[in-house]
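Each chain, written out:
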Amino acid sequence: MNIRLVFVSAGVLLAASSFGGETLWVDRNAGVDADGRGGETAPFVSIQAAVAAASDGATIKVRPGIYDNGGANDPDGRLNRVYVTGKKLKIVATGRKEETHIVGRHDTATAEGFGPDAVRCVCIRGNAALGTQIVGFTIRDGSSNNNNPTKDTVQDSGGGVLALDGNKKYFDTNAYVVDCVISNCVGIRAGATRGVTAVRCLITRNDASNSGSAGRNSSFVNCLITRNTGSSFLYEGTPKVYNCTLVNNYSRLYGADVRNSVVMNNNYNDTIQFMSGPGFTHSVTRLEGYDPKFDETVGDSSTSVTEAGNYQFLSPLYDDFRVLEGSETETAGDAAELARLSLPDDIDPYVDFFGNAIPKSGTIAAGCIQTVVGRPQGGAFQFDDFRKIRTNGGTVY
């Protein structure tokens, strides 16, 4: 995907985050998991070793690397690459998210990828761990078990990031995932996230065989949610979807309070996108189903909508969701909606997906990106189907 991602660390005073403890270090390429390690010059090699050694309120700084090592089992017997319990932590990548990966594992014995040999990426569990933050990573390839496809269980949920309190309840305030990519995570219920608030995250190419490929019982702020599959990409108890772009998901949206967002070109069973819940406010929506139409003057910048000529983004075919000048999206949002949020003091809702400041009053663009660009000129693209793109010259991608 050709999406430009920018790591952001900025904040306004909203709610205490309380990370004032020690700092531990992890380095996949130069660390060692042993007693007495964790300093800047003597780092651990696995994130889980640092988690085990950390005290409540600590910050764990993770250098670039592919973290497909280490892990710990939760009480249900699921192996997690990172398992936080009994303490509240802030786990932060020191480099770019594209070069710092937390990697789970699909069970290769099943076509869906979930099963007893699967590894979830991150699990945050218990009241003492609530409010833990995961900042600046690519979180990928996580999976859950398949113990009971017909019953909602912890083992079968959240292949990417799962957070639950001491009563096994999922609330969006259980944990925060910030400036991350969550990709290729699967589960029976909730592929990418369950029980978290995701801020400025790209959530893409996740799947859930039952429901919630992008999230379930999670909230989303300034997130790009695209190309997720399954029966629904957001499902059940999704408290808030603010300033998000939800486009090109091959599934439905169910049960969400959507504000300052763009929701279009999402498809279920080829014809219908289903929406229930509190509804849409200051948002641009197309709910009539998947009906690709293109403006031939826009070229590869055309977006698929149900009304010819009403285009919102620069190039959704190439995952470039900068807003087109003069589109409905450019002026659909209201900055006052973001004041409804209560986030930790080091997570600023007035920063968009690309790290640009969002005005704190007045009209703003809907969706996760505030950048507005003029219409380009060029040849048109057309869809053969959802997964194939054919240019006028006949090339299929």
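Residues numbered from 1 in each chain as written. Predicted model: local features only at pLDDT ≥ 70, side-chain atom pairs only at ≥ 80, totals over all residues. Heavy atoms only, no water.

> Which parts of the structure should I look at to understand the overall build of the chain?
Helix and strand counts for the chain come out as one helix and 36 strands. Within the span of the chain, comprising 397 residues, buried residues form 60% of the whole. In the chain, 54% of the contacts between residues at least 6 apart in sequence involve partners at least 24 apart. Surface summary for the chain: the accessible area is close to 14,300 Å², and the carbon and sulfur share equals 46%. (Helix = DSSP H or I, 4+ residues; strand = E, 2+ residues; numbered from the N terminus. Buried < 20%, exposed > 50% of the residue type's maximum accessible area, 1.4 Å probe, protein only. Contact = heavy atoms within 4.5 Å. Areas by Shrake-Rupley, 256 points an atom, 1.4 Å probe, with all protein chains shown as cover.)

> Before we go on, may I ask you to explain the packing of aromatic side chains in this structure?
Each aromatic ring pair is summarised here by two numbers: the centre-to-centre distance and the angle between the ring planes. In total, this model carries two aromatic pairs according to the counting rule given. Between F313 and F321, the aromatic rings sit 5.1 Å apart at their centres with planes inclined by 80°, giving edge-to-face as the arrangement. With respect to class, F313 is no different from F321; both count as buried. Taking 5.7 Å as the distance between ring centres and 45° as the angle between the ring planes, the aromatic pair formed by F353 and F354 counts as tilted. (Phe/Tyr/Trp six-rings, centres within 6.5 Å; stacked < 30°, edge-to-face > 60°.)

> Explain the confidence of the model for the chain here, please?
For any part of a model where pLDDT is low, the fine detail of the predicted coordinates should not be relied upon. The pLDDT averaged across the chain works out to 81; a share of 78% of its residues lies at or above 70. For the stretch residues 269-273, pLDDT sits under 50, and the model shows 13 contacts to residues farther than four places along the chain or on other chains. Throughout residues 288-309 the model reports pLDDT below 50, and contacts reaching past four residues in sequence, or to other chains, amount to 72 contacts. (pLDDT = per-residue confidence, 0-100.)

> Sorry if this is basic, but what is going on with the environment of S55 here?
Within the fold, S55 resides in the loop between α1 (47-53) and β2 (59-62). Separated by 34 residues in sequence, S55 and L89 place their C-alpha atoms 8.2 Å apart.

> What exactly am I supposed to notice about the sheet that holds strand β31 (residues 320-324) here?
As a general point, the strands of a sheet are linked pairwise by backbone hydrogen bonds and lie either parallel or antiparallel. Read across the sheet, three strands follow the order β30-β31-β34 without closing on themselves; strand pairing throughout is mixed. Both outer strands of the open sheet, β30 (313-315) and β34 (372-373), are each paired with one neighbouring strand and no more. In this structure, β31 lies alongside β34, joined through two bridges in parallel fashion. Following the sheet pairing, L324 is matched in β34 by V373. (Pairing = 2+ DSSP bridges.)

> Where do I start with unusual backbone geometry in this structure?
Leave glycine aside and you will find that most residues have negative phi; peptide bonds, for their part, are mostly trans. The backbone of N217 shows a phi angle near 55°, a positive value even though the residue is not glycine. Along the chain, the position of N217 falls in the loop between β19 (215-216) and β20 (219-221). Despite not being glycine, N248 shows a phi value in the positive range, around 65°. Counting through the fold element by element, N248 comes out in the loop between β24 (245-247) and β25 (250-253).

> How do you make sense of the state of the cysteines when you look at a structure like this?
The tally for this structure, following the rule as stated, stands at zero disulfides. Cysteine C223 shares no disulfide, and the gap to the nearest cysteine sulfur, in C244, comes to 4.8 Å. Looking at C223, the relative accessible area reads 0%, which means it is buried. (Disulfide = S-S within 2.5 Å.)

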